Amino acid sequence: MPTANTEEENSKSELQKNHGGGGGFTRWAVVAVIFRLALIYFPGNLNLSSRPEVSTPLTSIRRLAEGYWLKQSSMSPYAGSMYHGSPLLLSVLGPLTVKRIEGQPSHILCSLVFVLADLISSILIRATGRKLQIAYRKSLKSLNLLNKSTDSGALSSGDIAALVYLWNPFTIVACVGLSTSPVENLFTILTLYGAATGLAPLAAFGWVMATHLSLYPAILIIPVNLSYSGSWFYPPAPLSPEYTYAPPSKLFRSKEHGKVGDGKSSQEIIFSWRRVFHLLVWTSLWSVYVLVLCSISVKQHGSLQEMFQRTYGFILTVEDLSPNIGVLWYFFAEVFDFFRDFFLIVFHSNILFMILPLAIRLKHRPCFLAFVYIAISSMLKSYPSVGDSALYLGLLGLFLDELADMQFSFFLFCGYVGVSLLSPVMHNLWIWRGTGNANFYYATAMAYACFQIVLVVESVSSMLNHDRKLTKLSTSKLQK
Amino acid sequence: MAKVEKKEVAAATPPWKPKPRPIVRLGIVLISHSLLVSVVCCTAGIVALFLLPMLAKNTYISENALMPGSASSMLSNHDISEAERLAKDLTSLNSGAADAGIERRRVLAKYLSDLGVEVGYHKFQSHQNQFHPLHFFSSPDSGLSRENGSCSSYGINVVGIIRAPQADGKEAIVLVTPFNFRKNSSSEALSISIGYAVFSLLSRVSWLAKDIIWLVADSQYGEYASVASWLRDYHIPVFSASSSHNADSCFEGNNINLSREESPGRTEISSGFRRAGTMAAALVLKVTDVKGQLEDTLSVYAEASNGQMPNLDLINVVNYLAVHRQGLRVKVEKFLSVLTWEWIWVLGDTLNFIGKVAGSLNPEWKFGISTPDYVEGTATLASSLYRQALGIPTGPHGAFRDFQVDAITLEISPKVVYTNQGRRNEFILRSARLIEGVVRSVNNLLEKFHQSFFLYLLTSPAKFVSVGVYMIGFALLVAPLPLVAASLYVDANKPEPSSQDPKQKLQINFKPWKWLSAAKQVFTVHAWGVFVSLLPYFISQIPNSTPAAHSIIWFSLSTFGLLVLYLITKSPSKPQKGKWENLKSLTISAVFIGLLLMSVVNFATAQIGALVLVPACLLAQPLKLDIRTASLKTFLRIATNVFISFVAFPPAGFFILKGVNEGFGNMDVGEFWTWLESLWAWNSATYIYIGMVHLPCWVLCLQILLHSC
């Protein structure tokens, strides 16, 4: 093992720098923030905030500024079809869009908010990663699977995940390109953090806010419940040696018969309905609170019903067909109008269909389940942007230890790089040079969706393989 | 690619795994025979490139609405005599006088307003081309600096607009005639004559459905600059008064306030900017004197920035009318030096022979081509590829393409310099009828040009290779890259024998993805590439230095940057198994992605780049390994590797090409800088390709060669 260990150290020397406490992480986080500030200060001529990859009708800051202007001139911010975001976001970010500081680029205050949101997100990811890793190590130790040398030399996956999130070009582009997705991501991550640390009010608040801002995080209620009401990780211990393919739930039950488990961990298995109720109470409290705030905000010029129509309704009916990196716009631009409702239902239920099977299969790993949900919804949502990919790619880093054997990692890496470079070129070819057409651009969107699918499928299967391997190892240990 | 590899491994070890699917098995076969596949594919790709002149198709007019040549010409001798009168008036002005330019402009404006058309002056300042490395990804207007230049560098275009009598003024056709108002040139006067003859006819006809704009572009600061600035002002209205105010103040200083000038003709001359509708097409008309021609010829220039071409239909219409109606000889540019290459002739003979044999076997197979045709086609194709690859527009028409307007430059050269007025009139008549015919065809268009190809290479004025054909050769050339990358990746990441150790198996080991370190290396080198390509921006700010000094500073700074990066990222440990394979695999992936991107942006650059980079990457192997097993094969490989990596170094390649073409006698270090400067001044994507794809990949290949394994 020592050789493997040195190998690891060499090959990940850039990650090694964060190893050994918070110093490395802090340094790199500060550099990331400075890098963002530099990009904001020298905006160049990239015009990121008008790129379709970065700003969607839901997240564009220009639309938000327009909505704020409408509100200031005593009209409903949802008048016309400009703004489709939350009224709360309008109240918070709106005043910042009109403030100008002499000699500074416009929207600098908003940019600073987004940079701050990114920073907080990364810190939360890091804390979540710590929690996860401690649980993981503990369970490995309880199975006597943990190697001493590995333990000392291993990298903290939380640090890596946080840095991946901070340094991901997608995150940087979304932050510098003034889309509101950093804020949305922040609340999603806050939800996961609350769930991981067992803070029901925090988790409920994050979930309510994330759902309010972008609707799709609503499905995260399942992993949040699972993680808050169950325990984070169940070390599998088999009943019999030939036991290899049993679903994890059997493993938990069998654990009480196993010799390795201590009394404390066996108590954690029980799914506590009392805690579910606890969480739901908090959720409803926060929902009421947010709704009241919203109704105060929109009272003068509109109603809550209008708000729902213009935000959730806009998301669900895919009204805006301007090109983005998703797969829906092209489809709904082509489909006949009388099929439209049918296909709307088909596409949206696509996400819903996957919820239950995944929840059953992965219920012993709620955080990973949340990652899978986020990845799926960012692939199938009506107005995706690179900010959504940034979120799940950051979370992917949390499971680095478990996904070490993941297939196709190289292939996926090359694919993501290739597609994210090809997509702007195709867009340019279509819009500015006129030699390409929409099919060129849509082809990259489809390729991107394929890579996301491969990523989800492979990560799930390698996670399950990892669990199987743990089962097998603990079996053989028991046999000895 | 990794998918296949994993399936392979999986199929070997666990007994319960099902047999892989056929497509996966096909992939496994391809990857395991990647050497053979890559040799076959690369050879086929290069052969396909040389077959292109044979595969070229005859052009045809794809858009039915064009109907070229279906109407008889209405141009009369009266128009021509009027035009000649204008030309005489223009040339008779004393060229030495300081205000000759103003006087000529006034004469022209008078003639135009006598026709009853709208006349306007357009003032502009010539801007120095600036470095916009990211210009390609942004809209045409962004990144433009409207900074105030000095008053000395302004020019004035004269614009005449005929409003179509039957139309709503939503569309327009543009005629451009570059003319230097300060100089007396007989050929430019001839082009003005032709332009005026057509314009005066068009001001009378009733069939116009699109407005006609005649832009007499002031060419004293170059033909391109005046047309480009007019187009910019046409498409991007300026709401702040600062820019025009500045120009006005210049004019006032020179006592030629145009706006208060008394109107000499029937209509008012306004100094305000006049517009017509969106442009359907644009024709740039030039007359040049070329000695020693057998007949009147028409040269067509079509390449705009970044290898963009106008719609093929526009060239087709011009070619059809010139050849079949006006009896002009149509030429496109070709490399004359190719005609002298012996081996091209031999190749042509061989292909001719093969075609004949095939034809005798089956009369249906008609792919034979006569040897002179093949050589001519190759020379034209080479020139077409080269011009597109450079990404520098070949004339003022390039400015139109940036606004998605199809435009070409027609350069007409008479057989001799006409002294006889009758012969001269006949020449003007033929040229003007050609323009009239083209305008009439374009006038028929219902939508903008879309029917025919935008992506093509010309092998003669009437023959082209479309994107579907030339892409095959390119695809064959780059197809081995992912295969070899996959097979190297498989080799490098085979499960180590130590992991079979039962004791090890019992542990959970947190091994990271092995290829990450190689990815880091590749990323660092590419970041260095970005740094190198941005350096000229700062170096060019240094005042009072020669191109040679620039290039030396650039070279030394780049090398220094590379050294610093190498020292920072150098891993202290000893090299390990599979490291160079991983590096090579990632390098090849980077090359593949880069070439793919470039083939979309500018195909010609990607094709030429692939000819160099693909063999360089595929053959790269640590020299140490080859030296260790000294055999003829490895010796050959070492020699090829060293040769290719020398040639692939951009400056070396540049000077070798230059030496082959012009002789090695007078080489100047600064020439490379000048060449690159021209690339970035024209916002050519080729510059970005060289800096961010080619150079980093060359460095990575060197790293593989010098790898200590």
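Residues numbered from 1 in each chain as written. Chains lettered and ligands numbered in written order. Predicted model: local features only at pLDDT ≥ 70, side-chain atom pairs only at ≥ 80, totals over all residues. Heavy atoms only, no water.

You'll find chain B entered in an unreviewed UniProt entry as Glycosylphosphatidylinositol anchor attachment 1 protein, with Linum tenue given as the organism.

Chain A is annotated in an unreviewed UniProt entry as Phosphatidylinositol glycan anchor biosynthesis class U protein of Linum tenue. The Sequence similarities (unreviewed entry) comment attached to chain A in UniProt states, word for word, "Belongs to the PIGU family." Listed under Subcellular location (unreviewed entry) in UniProt, the entry text for chain A is "Endoplasmic reticulum membrane". (UniProt positions renumbered as here; feature names shortened; annotations may be inferred.)

J.: Explanation requested: the nonpolar core in the structure shown.
T.: Buried together is how nonpolar side chains tend to be arranged in soluble globular proteins. Grouped together as the largest cluster of nonpolar side chains are 193 residues, with contacts concentrated most on F368(A), V372(A), Y392(A), F399(A), Y416(A), W554(B) and L595(B). Those residues within four positions of L595(B) in sequence are excluded, and the remaining contacts are F474(B), V478(B), L481(B), A606(B), G609(B), A610(B), V614(B) and Y689(B). V119(B), V300(B), I315(B) and V330(B) belong to the second largest nonpolar core, which has 75 residues in total. (Core = buried A, V, L, I, M, F, W, Y, C linked by side-chain atoms within 4.5 Å. Buried < 20%, exposed > 50% of the residue type's maximum accessible area, 1.4 Å probe, protein only. Contact = heavy atoms within 4.5 Å.)

J.: Just checking my understanding: could you explain the domain arrangement of chain B for this structure?
T.: For an interface, size is often stated in terms of accessible area lost upon the parts coming together. All names here are of chain B. In terms of domains, chain B is made up of domain 1 (22–58 + 464–510), domain 2 (64–127 + 141–333 + 394–461), domain 3 (334–391) and domain 4 (515–709). Taken together, the seven residues of domain 1 in the interface contact seven residues of domain 2. For the pairing of domain 1 and domain 2, the buried interface totals around 630 Å² over both sides, and the portion due to carbon and sulfur atoms is 76%. Counting across the interface, domain 1 meets domain 2 through zero salt bridges. In this assembly, domain 1 and domain 2 are joined by two residue pairs in polar contact (both at pLDDT 80 or more). Take the side of domain 1 that touches domain 2: its biggest share by element is three residues, from strand β12 (residues 463–466). (Domains from an automatic or database assignment. Buried area = accessible area lost by both parts, 1.4 Å probe. Salt bridge = Lys/Arg side-chain N within 4 Å of Asp/Glu carboxyl O. Polar contact = N/O pair within 3.5 Å; in protein donor to acceptor, adjacent residues only side chain to side chain. Helix = DSSP H or I, 4+ residues; strand = E, 2+ residues; numbered from the N terminus.)

J.: Would you take a moment to explain the packing of aromatic side chains for this structure?
T.: Any pair of aromatic rings gets described here by the distance separating the centres and the angle formed by the planes. Counted according to the given criterion, the structure contains 53 aromatic pairs over all chains. Between W28(A) and W167(A), the aromatic rings sit 6.0 Å apart at their centres with planes inclined by 80°, giving edge-to-face as the arrangement. Taken together, the residues W28(A) in helix α3 (residues 22–41) and W167(A) in helix α8 (residues 157–167) connect sequence positions 139 residues apart. Judged by its relative accessible area of 27%, W28(A) is partly exposed. Site record: aromatic cluster; members linked through ring pairs are F331(A), F332(A), F336(A), F338(A), F339(A), F342(A), F343(A) and F347(A). One residue, R105(B), lies across the ring of F181(B), its end atom 4.6 Å from the ring centre. (Phe/Tyr/Trp six-rings, centres within 6.5 Å; stacked < 30°, edge-to-face > 60°. Lys NZ or Arg CZ within 6 Å of the ring centre and 35° of its normal.)

J.: What am I meant to see in unusual backbone geometry here?
T.: Residues other than glycine predominantly adopt negative phi, and peptide bonds predominantly adopt the trans conformation. Residue and element names in this part refer to chain B. Its identity as a non-glycine residue notwithstanding, M67 has a phi of 40°, on the positive side. Assignment of secondary structure puts M67 in the loop between β1 (57–58) and α4 (77–92). Assessed through its relative accessible area of 46%, M67 is described here as partly exposed.

J.: Help me out: how do you make sense of the sheet that holds strand β11 (residues 456–460) of chain B in this one?
T.: In a beta sheet, neighbouring strands are held together by backbone hydrogen bonds and run either parallel or antiparallel to one another. Residue and element names in this part refer to chain B. Read from one edge of the open sheet, three strands run β1-β12-β11, paired in antiparallel fashion. Both edges of this open sheet fall to β1 and β11, since each of them pairs with a single strand only. Taken together, the two bridges between β1 and β12 define a ladder with antiparallel strand orientation. Within β12, the position partnered with N58 by the bridge is K463. (Pairing = 2+ DSSP bridges.)

J.: Explain the packing of helix α18 (residues 340–361) of chain A against helix α19 (residues 366–380) of chain A to me, please; I cannot follow it from the model alone.
T.: Each packed pair of helices is defined by two parameters, the angle between the axes and the distance between the axes. All names here are of chain A. The contact between α18 and α19 brings their axes to 10 Å, and the two run at 165°. Classified by the interaxial angle, the pair formed by α18 and α19 is roughly antiparallel. Here α18 and α19 pass one another in a crossing that is right-handed. Touching N350, I351, M354, I355, L358 and A359 of α18 are L369, V372, Y373, I376, S377 and L380, all from α19. Counted by class, the contact of α18 with α19 contains ten nonpolar, two polar and no charged residues. (Axes fitted to C-alpha atoms, helices over the stretch in contact; angles between N-to-C directions. Parallel < 35°, antiparallel > 145°, perpendicular 65-115°, else oblique. Left-handed = near helix turned anticlockwise from the far one by under 90°. Nonpolar A, V, L, I, M, F, W, Y, C, P; charged D, E, K, R; others polar.)

J.: I tried to follow the environment of V439(B) on my own but got confused; where do I start?
T.: All names here are of chain B. Following the sequence through the fold, V439 ends up in helix α14 (residues 421–444). Considering only alpha carbons, one finds V439 and A685, 246 residues apart in sequence, at a separation of 33 Å. V439 has contacts with I173, L175, L202, I212 and L283, leaving out every residue within four places of it along the chain.

J.: How should the UniProt feature "transmembrane region" (unreviewed entry) in chain B be read in this particular structure?
T.: Residues and elements named next belong to chain B. UniProt marks residues 23–52, 467–490, 521–539, 551–568, 588–614, 635–657 and 686–706 with the feature "transmembrane region" (unreviewed entry), using the numbering shown here. End C-alpha atoms of residues 588–614 are separated by 8 Å, and the span's content is 96% helix alongside 0% strand. Between the C-alpha atoms that bound residues 686–706 the distance is 28 Å, and the span itself is 95% helix and 0% strand.

J.: Can you walk me through α19(A) in this structure?
T.: Because an α-helix completes one turn every 3.6 residues, residues spaced three or four positions apart along the sequence face the same direction. In this model, α19(A) (15 residues) spans 21 Å end to end at C-alpha, consistent with the 21 Å of a helix rising 1.5 Å per residue. Taken across its 15 residues, α19(A) has 15 buried, putting it largely inside the fold. (Expected span 1.5 Å × (residues − 1).)

J.: Help me understand helix α12 (residues 221–229) of chain A in this model?
T.: Residues and elements named next belong to chain A. Counting buried positions over the nine residues of α12 gives seven, a clear majority of the element. Turning to α12, its buried residues are P223, V224, N225, L226, S227, Y228 and S229. Contact partners of the buried residues in α12: α10 (181–197), α11 (200–214), α15 (273–298) and α19.

J.: Just to check I follow, could you spell out the pattern of salt bridges for this structure?
T.: A pair can form between side chains of opposite charge whenever their charged atoms are brought close. All names here are of chain A. Summed over all chains, the structure comprises 28 salt bridges over all chains. Notably, a salt bridge pairs R63 with D320, separated by 3.4 Å at the nearest N-O pair. On the criterion of sequence distance, the pair formed by R63 in helix α4 (residues 61–72) and D320 in the loop between α16 (304–317) and α17 (328–334) is long-range, its members being 257 residues apart. As far as the burial class goes, R63 and D320 line up, both buried.

J.: Quick question: what am I supposed to make of the packing of α19(A) against helix α22 (residues 438–479) of chain A here?
T.: Residue and element names in this part refer to chain A. Taken N-terminus to C-terminus, the directions of α19 and α22 make an angle of 165°; their axes are 10 Å apart at the nearest point. One element, α19, and the other, α22, form an angle in the roughly antiparallel class. Between α19 and α22 the crossing geometry is left-handed. Taking contact as the criterion, the partners of F368, F371, V372, A375, I376, S378 and M379 in α19 are, on α22, A449, Q452, I453, V456, S459, V460 and M463. In terms of residue class, the contact of α19 with α22 is built from eleven nonpolar, three polar and no charged.

J.: Can you walk me through the confidence of the model for chain A in this structure?
T.: All names here are of chain A. Of the residues in chain A, 83% reach a pLDDT of 70 or more, and the chain-wide mean stands at 81. Mean pLDDT across the elements of chain A bottoms out in helix α1 (residues 2–11) (38) and peaks in α11 (93). Confidence drops under pLDDT 50 across residues 1–20; counting only partners more than four residues distant or on other chains, this segment forms 43 contacts. Low pLDDT, under 50, characterises residues 232–268; the predicted model gives this stretch 69 contacts beyond four residues in sequence or across chains. (pLDDT = per-residue confidence, 0-100.)

J.: Quick question: what am I supposed to make of the state of the cysteines here?
T.: Each disulfide consists of a covalent bond between the sulfur atoms of two cysteine residues. Enumeration over the complete set of coordinates arrives at zero disulfides over all chains. In this structure C617(B) is not part of a disulfide, and its nearest cysteine sulfur, from C701(B), lies 3.8 Å away. (Disulfide = S-S within 2.5 Å.)

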